[in-house]
Amino acid sequence: MPARRFWPRLAFALLLPALARPEAVEYSHRVWRTDDGLPQDRVQAITQTPDGYLWIGTSEGLARFDGVRFAVFDRSNTAAIADNSILSLQVARDGSLWVGTEGGGLLHYEKGVFRAFGQKEGLTNGFVRAIHLDRAGTLWAGTDHGFFRYASGRFTRLDGTPEIPFVSVYSIVEDRGGKMWLASAAGLLAVEGGSLRKITCDGARARSSGLTVAMLREGLLADACGAPDFALPEARISSLHRDTSGNLWIGTTGEGLISVPAGRAAMAHRAPSFLPDNTILVLFEDRQHNIWAGAQDGLLRLSRTAVTTIAAAQGLSDDNVSTTYEDREGRLWIVTFSGQVYRLKGTTPERYSLPPPARDLRIRTVFEARNGDFWFGASGAGLVRLSHGKVARYTKKEGLRSDSVRQIFEDSRGAFWIATSSGLSRWDGAGFTNYYLEEGLSYPSVRCLAESPEGDVLVGTDAGLNRIRDGHIVNDPAFASLRQEKIWSLLVDGKDLWLGTRGGGLILIRRGKLTRFTTREGLVSNSIYQILDDRRGRLWMSSPTGVFSVRRDELNATAAGKPAPLHAVAYGTPDGMPTSQMYGGIQPAGCRRSSGELWFPSVLGAVMVDPGRQPERRPAPVLIESVSAGDVSLPISKEVVIPSGRSRLQIDFTACDLIAPQRVSFLYRLEGFDESWTRATRPRSAFYSNLPPGHYRFRVVADAGGVPGASSEASIAIYWKPAFYQTVWFYALLGALVICCAWGGMWIYARQTKARYSLLLSERTRLAREMHDTVIQGCVGVSTLLDAAARYQRSNLAEASSLLAQARMHLKATLEEARQAVWDLRHSSPDQSSIHHLFDLARKLGNDHGANVSTEIEGERLPLDPATGRALLLVGREALRNSVAHANPAKISVRVSFGNAGVQMEVRDDGHGFDVERASRESNGHFGIIGMRERVEQLGGAFSLRSQPGAGTIVTVALPAQGAPDQNSTIPR
């Protein structure tokens, strides 16, 4: 551009920024500050790594940005960072990042790890203001005190020579010929032959070294001392950038941002309406062609957008627009909610005033008839026709169904249809024909009108859709299911009919079949105010949440029974629209101009979307950023191992879309746990709690909606180590323990059962012994005496009487013994000494049977427990009774001996004796000997019986002396 043309336009832009609408409609802008996650508002360096991350160097730390969230690296969380102020950034060919700090030396970031370079590597100054990697891959570093080249792991200083003893470098560039240029405090320097040389440009070509290096970097100079083909503004230029479209961006100190579009006049952008502040420190363009400006007070993104807005700032009376309409000559009409009518001339709206008597009416909608007449629908004021400068007005007085008009439509026969808030009217040139409930209209509130290919008029109401054929409302079975739908927009597409509803989504009627599309299938909203076909393969819809488009082939596939996710592309405030709230209910609620532009009314102006000017979108690879368990971050590797004892797993992922991150959606699945894919609802993170140990694979898919082929997938293996109590060997040990416990329980149960049985058997045996030793033996004695008395009854009456008396006494003694036995069963000890009682019994039996009985105690008396004493008594008594009953002895001796081991009792007689073995075989129901043996052995003693026919009998009992002594210790000797 010639300088004589540049300067007037630039001066006008600088002096009157409010009037310079800097084609701002072409760019949307967004500002980030510390409140949004930026570590500090002063942005000093910007670059982008191949993985898509934007890196921002600030005065208080380094930030990594994926379009949604910032990850901050500073001294508090990164050991290698010695100073938080980041001055320069440079991306290496391998994707790693070099970082220059203000006093902390040079940093290298690779695969998530920072490494510091300083004096140890030969970098003697830590203030690294400039970094550059040349074509050969050599790293150059400019500091406040020295210029360095890095090779073979060491930094070599190039200044410090007699010619150039000291330099302070703040910018480095390599020109097209591979020559290195430096901007320094000493002026412009060049690297020639491996050494530094100062360059002096004379005359008019002299300029600051920083500006020269910046112009060389952007290709604005052929050589360092050459002149550009345009004049630079008289401003303190702090940064320059020429974007891929050839536009020049100039950052200044205190005077904002100046853009020079290719082939157009320069424009100024200033704070606060556009910039965070008026000092721009750095400019950068990312791979999606966003322009990033680092300012003193925030980070600015300028994105090319297909959106333009015409509102009060551009000349409308108010921002709230009700309809947009293009007439047959291609002029755009804009009607505001206040009833004002505008026509767009270029990019400027011009007020259109209707002649009287329609001048002051509140117009809501516009329509041009085929004959060139213009019709205007008013709010509460009826219908206006403007024909060749003449105005005709129609209201309810002239037969109009209602004075609140919502749409005007002309059918193929030339009849005009007027949709009102209370019915439908048709104008045939002579009068009105009205349609209401009694004529078959499904609901009085009429919202939209269209004509089918057959010439039928389609009427959308707040409660269904109607078809009018030959002037009569006819029943259409395809419309039967729409009785509860609010039909707000209609698009006739050949034989297909598209319906936009209020709350029911998008409906397609094709060959009588109805297909519904909602947010569940991928729409942005279920309320659709207008449907437009861009003739590029997409349907565009306005809604309460903005404007969005959907590919027709995806809609057709679903309608054909091959459902696929709809990739709706949404447009809203992130794309430069002042609001996402579109306006509907009055038609046309949007139009497609002959130029291809789409215009929609909104509550903050008329919004234009140009489908042909949509910015290029490249698919961003999905990245797994971090894996943490229990708030402990784990290193990313082929398989992430999670230690046992962690209860919560968090996986962070992203896809770096810096132009429209809100359009990127994610699906994830943890194979081995999730049965299906889960749509990420929280910001780019997946959470799992209390996962069982084992091997898993986490997969995540990122989809940039509406961009063919813009989906990518990443995965990572995860091994959750089990705790010791979750291992196989622990479960095996636990199983073995359970088996052992079950076996032990069964063994204890069997033993207890056996013990209970033995106890029961022992008790029965004991009772049998007690009965034998008391009642049975007593009865035997009584029976013997009675038998004897019976024999003497006739021969010797006196002897019989004596025997009977003895029998009575014996019976009485037996009863006493029985009572004593019962007493002993309920009490732990007898009332008197068992040995005393035994000796008394022996003497009594001896007197009764005429036998000489002797008793004797040997050794020092020991205390006897009740069981031992009772056993001696009962065994001794049984032995004595057997002796007098069967052996007819002349002499009986009872001897009790005490020793250290216990007590021993011997009962000896000189009676008939008997065969012990034979008696054992032929017990014949007598249990005396068996009972004595069991009683003794039950107490752990020894029982011995020795006898021979004619040689007498010896019964010996040895019992341990244990337990409590007898209560009565008086034992006669």
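Please read all numbers here as calculations on a predicted model, not as lab measurements.

(A) Fine view of the sheet that holds strand 20 (residues 257-260). Pairing is antiparallel across the open sheet formed by four strands, whose spatial order is 18-19-20-21. Looking along the sheet, the strands with just one partner apiece sit at the ends: strand 18 (237-242) and strand 21 (267-269). Each adjacent strand pair in this sheet contributes to an overall mean axis angle of 20°, direction not counted. In this structure, strand 18 lies alongside strand 19 (residues 248-252), joined through five bridges in antiparallel fashion. Residue pairing in the sheet places Ile-237 in a bridge with Thr-252 of strand 19.

(B) Quick look at the pattern of salt bridges. Here the structure, examined in full by the defined rule, presents 32 salt bridges. Here Asp-327 makes a salt bridge to Arg-331, at a shortest N to O gap of 2.8 Å. Classification of Arg-331 by relative accessible area gives partly exposed; the value is 26%. The salt bridge partner of Asp-456 is Arg-467, with a shortest N-O separation of 2.9 Å. Pair noted here: Asp-456 is in the loop between strand 38 (446-451) and strand 39 (457-461) and Arg-467 is in strand 40 (residues 464-469), with a separation of 11 residues, a long-range link. Residue Arg-467 is classed as buried on the basis of its relative accessible area, which comes to 13%. A cluster of three or more residues bridged by salt bridges with shared partners is formed by Arg-64, Asp-66, Arg-69, Glu-625 and Arg-684.

(C) Region of interest: the nonpolar core. Leu-880, Val-896, Met-905, Val-907, Phe-943 and Val-957 are the most contacted members of the largest nonpolar core, which totals 31 residues. Elements with a minimum of two residues in this core: helix 6 (834-849), strand 62 (852-858), helix 7 (866-887), strand 63 (891-898), strand 64 (903-909), helix 9 (928-938), strand 65 (942-947) and strand 66 (953-959). It is helix 7 that provides the largest number of residues to this core, a total of seven residues. Dropping the residues within four chain positions of it, Leu-880 is found in contact with Leu-838, Ala-842, Leu-845, Ile-892, Val-894 and Val-907. In this structure, Tyr-325, Val-341, Ala-381 and Trp-427 belong to the second largest nonpolar core, which totals 29 residues.

(D) The packing of aromatic side chains, seen in detail. Counted by the stated rule, this structure contains 40 aromatic pairs. Measuring from ring centre to ring centre gives 6.3 Å for Tyr-325 and Phe-367, while their planes differ by 40°; the resulting arrangement is tilted. Residue Tyr-325 is located in strand 26 (residues 321-326), and its partner Phe-367 is located in strand 30 (residues 363-368); the two are separated by 42 residues in the primary sequence. An identical accessibility class is assigned to Tyr-325 and Phe-367; each is buried. Among the aromatic residues, those joined into a cluster by ring pairs are Phe-653, Phe-666, Tyr-668, Phe-673, Tyr-688 and Phe-698. Sitting above the plane of the Tyr-53 ring, Arg-64 keeps its charged end 4.4 Å from the centroid. Across the ring face of Phe-337, the terminal group of Arg-362 is positioned such that the distance to the ring centre comes to 5.0 Å.

(E) Main features of the sheet that holds strand 66. In space, the five strands of this open sheet follow the order 62-63-64-66-65, with mixed pairing throughout. The open sheet has two free edges, formed respectively by strand 62 and strand 65, since each of these has just one partner strand. Direction aside, the axes of adjacent strands within the sheet are offset by 10° on average. Of the pairings in the sheet, the one linking strand 62 to strand 63 comprises seven bridges and is parallel in character. Residue Ser-854 lies in a different strand from strand 63, and its bridge partner there is Ser-893. Of the strands in this sheet, strand 62, strand 63 and strand 64 touch helix 6, which is tilted by about 160° from strand 62. Contacts from helix 7 reach strand 63, strand 64, strand 65 and strand 66, with the element oriented near 5° to strand 64.

Conventions used here
- Residues numbered from 1 in each chain as written.
- Predicted model: local features only at pLDDT ≥ 70, side-chain atom pairs only at ≥ 80, totals over all residues.
- Heavy atoms only, no water.
- Pairing = 2+ DSSP bridges.
- Helix = DSSP H or I, 4+ residues; strand = E, 2+ residues; numbered from the N terminus.
- Axes fitted to C-alpha atoms, helices over the stretch in contact; angles between N-to-C directions.
- Salt bridge = Lys/Arg side-chain N within 4 Å of Asp/Glu carboxyl O.
- Buried < 20%, exposed > 50% of the residue type's maximum accessible area, 1.4 Å probe, protein only.
- Core = buried A, V, L, I, M, F, W, Y, C linked by side-chain atoms within 4.5 Å.
- Contact = heavy atoms within 4.5 Å.
- Phe/Tyr/Trp six-rings, centres within 6.5 Å; stacked < 30°, edge-to-face > 60°.
- Lys NZ or Arg CZ within 6 Å of the ring centre and 35° of its normal.

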